[in-house]
Amino acid sequence: MSDVIFEMSEKMEKSVEAFRQELSKVRTGRASLALLEDIMVDAYGSSMPLNQVGTLTIPESRMISIQPWDPQMLPAIEKALLKASIGLTPVSDGKIIRLNIPQLTEERRRELVKQVKKVAEEFRVAVRNARRDAIDILKKQKKDKEISEDDLFKLQEEAQVETDSHIKKIDEITASKEKEVMEV
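Heads up: these notes are all about the structure in this document.

1. Description of the nonpolar core
Among the nonpolar cores identified, the biggest contains 28 residues, and I5, M8, F19, L23, L138 and I170 are the most heavily contacted of them. Residues contacting L23, with those up to four places away along its chain left out, are V116, I173 and K177. Ranked by size, the runner-up nonpolar core spans 20 residues in total, among them I66, I77, A80 and I97.

2. Some remarks on the packing of aromatic side chains
Enumeration over the complete set of coordinates arrives at one aromatic pair. Relative to F123, the ring of F19 lies with its centre 5.5 Å away and its plane at 50 degrees, an arrangement referred to as tilted. Here the residue F19 occupies a position in helix α1 (residues 3-24), and F123 occupies one in helix α3 (residues 106-143), the gap between them amounting to 104 residues. F123 shares its class with F19; the two are buried.

3. Looking at the pairing of strand β2 (residues 46-49)
If a strand is regular, its side chains alternate between the two faces of the sheet. Bridge count for strand β1 (residues 40-43) against β2 is four bridges, and the pairing is antiparallel. Paired with D42 across the strands is S47, a residue of β2. Counting the residues that bridge the hairpin from β1 to β2 gives two residues, and of these Y44 lies at a positive phi of roughly 55 degrees.

4. Considering the packing of α1 against helix α4 (residues 149-182)
Two elements in contact, α1 and α4, have axes separated by 10 Å at closest approach and are oriented at 10 degrees. Between α1 and α4, the angle is such that the two are roughly parallel. Of the residues in α4, those in contact with I5, M8, S9, M12, E13, V16, F19, R20 and L23 of α1 are L155, E158, A159, E162, T163, H166, K169, I170, I173, T174 and K177. Its residues assigned to classes, the contact of α1 with α4 shows ten nonpolar, four polar and six charged.

The rules we used
- Residues numbered from 1 in each chain as written.
- Predicted model: local features only at pLDDT ≥ 70, side-chain atom pairs only at ≥ 80, totals over all residues.
- Heavy atoms only, no water.
- Core = buried A, V, L, I, M, F, W, Y, C linked by side-chain atoms within 4.5 Å.
- Buried < 20%, exposed > 50% of the residue type's maximum accessible area, 1.4 Å probe, protein only.
- Contact = heavy atoms within 4.5 Å.
- Phe/Tyr/Trp six-rings, centres within 6.5 Å; stacked < 30°, edge-to-face > 60°.
- Helix = DSSP H or I, 4+ residues; strand = E, 2+ residues; numbered from the N terminus.
- Pairing = 2+ DSSP bridges.
- Axes fitted to C-alpha atoms, helices over the stretch in contact; angles between N-to-C directions.
- Parallel < 35°, antiparallel > 145°, perpendicular 65-115°, else oblique.
- Nonpolar A, V, L, I, M, F, W, Y, C, P; charged D, E, K, R; others polar.

Interpretation in functional terms is not warranted from these geometric data alone.
What follows is the structure in structure tokens.
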């Protein structure tokens, strides 16, 4: 496999992994700590990730609890959760913050599926862009007589095969997430 195809394949793999990560943030009616991954809390004069100011746990299938290591951090954590607009309202009892995840309605499930499909298409485009960039490099190499025309066609076919396999992975992940979202 040529270096160009190898680099293209790595970019595509990174896109698929980023897609997985993006989908982990989509709420499915079940508690997941991935929902809180990007939330930053203003603590001790600096901005810190939520998981570094307290313990995050899932005591029930539809509840997340946050127990700050410093009880004085409760208001800052609540403020960060509200500011993050994750669609969940924090409930505090003075020691622990609880996030109850409501049951999804049919309409909301359909909206989430549309959102998943939209994100999937964005990542398919990223994979295709990686292929296009690789093919542009290969055409330049052919023009500079670094590779022959036969090699160019062979490498373009390899690029297409890699593209198809990565798009198939994205489609499989999408189908799996859709099924998970629509599950009652």
